[in-house]
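# Coordinates in review
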Amino acid sequence: MSAPQNLEDCYTQELADLWSANDQMEKVVRDLAGKAGDDTLAKRLKSASEGISKHTDTLKSLLDDCGKSEKEHCKGMEGLVKEARKHALDADIPDDDVRDVMIVAQYQRMCHYGIAGFGTAKAFAEALGKDDHARKLDEITEDIYDADDNMSDLAERSVNLAAR
């Protein structure tokens, strides 16, 4: 993609970047779910993967509404995915409880990246008068906040305690 020339360009590039970020995150979250030792953690990660897929469909729809249909490779999420694989999937961690702590930490890093991106896209949509887009992006941001909070709650109640 070329350098943005106006706010509309900034907006569509952010959406295209988020599409790529979601595709990358969805794959690694499925892998994290498969490695999770705690059943509740595995279920929440599987559910999160499904939610990410729905969010991606919304992003594609918003881009289509703007006359765009391509994603832009997200190098930021690429780095977070590499870190998740290194620290939670590929690391030689013999204790499932310790691995679960690492899974939660890596998942939350990716969530926080998504919160920043979707929040930015929402602000762009609002500034452009795209109220329907802003509403949808706000719903996604709230979904991500909820997923992050649920993961924090799980970690504080069980996963972190089990790893002691």
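Here is a short report on the structure shown in this document.

Each value, and the rule that gives it
Each chain has its residues counted from 1, following the order in which its sequence is written. Only residues with pLDDT of at least 70 get local features here, since the model is predicted, and only at 80 or more are side-chain atom pairs given and counted; chain-wide, interface and lining totals rely on the full set of residues. Side-chain measures here rest on the full set of heavy atoms in the structure, leaving out hydrogens and waters. What is meant by a nonpolar core is a set of buried Ala, Val, Leu, Ile, Met, Phe, Trp, Tyr and Cys residues, joined one to another through side-chain atoms within 4.5 Å. Throughout this description, buried means an accessible area under 20% of the type-specific maximum (1.4 Å probe, protein chains only), exposed means over 50%, and partly exposed covers the range between. Comment: elements are numbered from the N terminus, with helices defined as DSSP H or I runs of at least four residues and strands as E runs of at least two. Only heavy atoms enter the contact rule, under which two residues are in contact if any of them lie within 4.5 Å. A pair of cysteine sulfur atoms is labelled a disulfide when the two atoms are within 2.5 Å. Think of a polar contact as two N or O atoms within 3.5 Å of one another; within protein, one of them needs to be a possible hydrogen donor and the other a possible acceptor, and neighboring residues in sequence only count if both atoms come from side chains.

Moving on, we come to the nonpolar core. Val29, Leu45, Met110 and Leu137 are the most contacted members of the largest nonpolar core, which has 44 residues in total. Contributing elements (two or more residues each) for this core: helix H1 (7–35), helix H2 (39–65), helix H3 (75–89), helix H4 (96–127) and helix H5 (131–162). With eleven residues, H1 is the largest single contributor of residues to this core.

Within the fold, Ala33 resides in helix H1. Here the alpha-carbon distance between Ala33 and Gly79, two residues 46 residues apart in the chain, equals 19 Å. Sequence-distant contacts of Ala33, defined by excluding residues within four places in its chain, comprise Ala42, Leu45 and Lys46.

This part covers the state of the cysteines. Following the criterion strictly, the structure yields zero disulfides and no others. Sulfur of Cys10: no disulfide; nearest cysteine sulfur belongs to Cys66 and is 13 Å away. For Cys10, a relative accessible area of 27% corresponds to the partly exposed category. When its relative accessible area of 17% is taken as the criterion, Cys66 is described as buried.

With respect to the helices and strands, Asp23 occurs in helix H1. Assessed through its relative accessible area of 16%, Asp23 is described here as buried. Within polar-contact distance, the side chain of Asp23 engages the side chain of Lys71 at 2.4 Å. When residues no more than four places from it in sequence are discounted, the contact partners of Asp23 are Thr56 and Lys71.

Attention now moves to the environment of Tyr113. Along the chain, the position of Tyr113 falls in helix H4. In sequence terms Tyr113 and Val29 are 84 residues apart; their C-alpha atoms lie 14 Å from each other. With residues near it in sequence (within four places) discarded, Tyr113 still touches Asp17, Cys74, Gly76, Met77 and Leu80.

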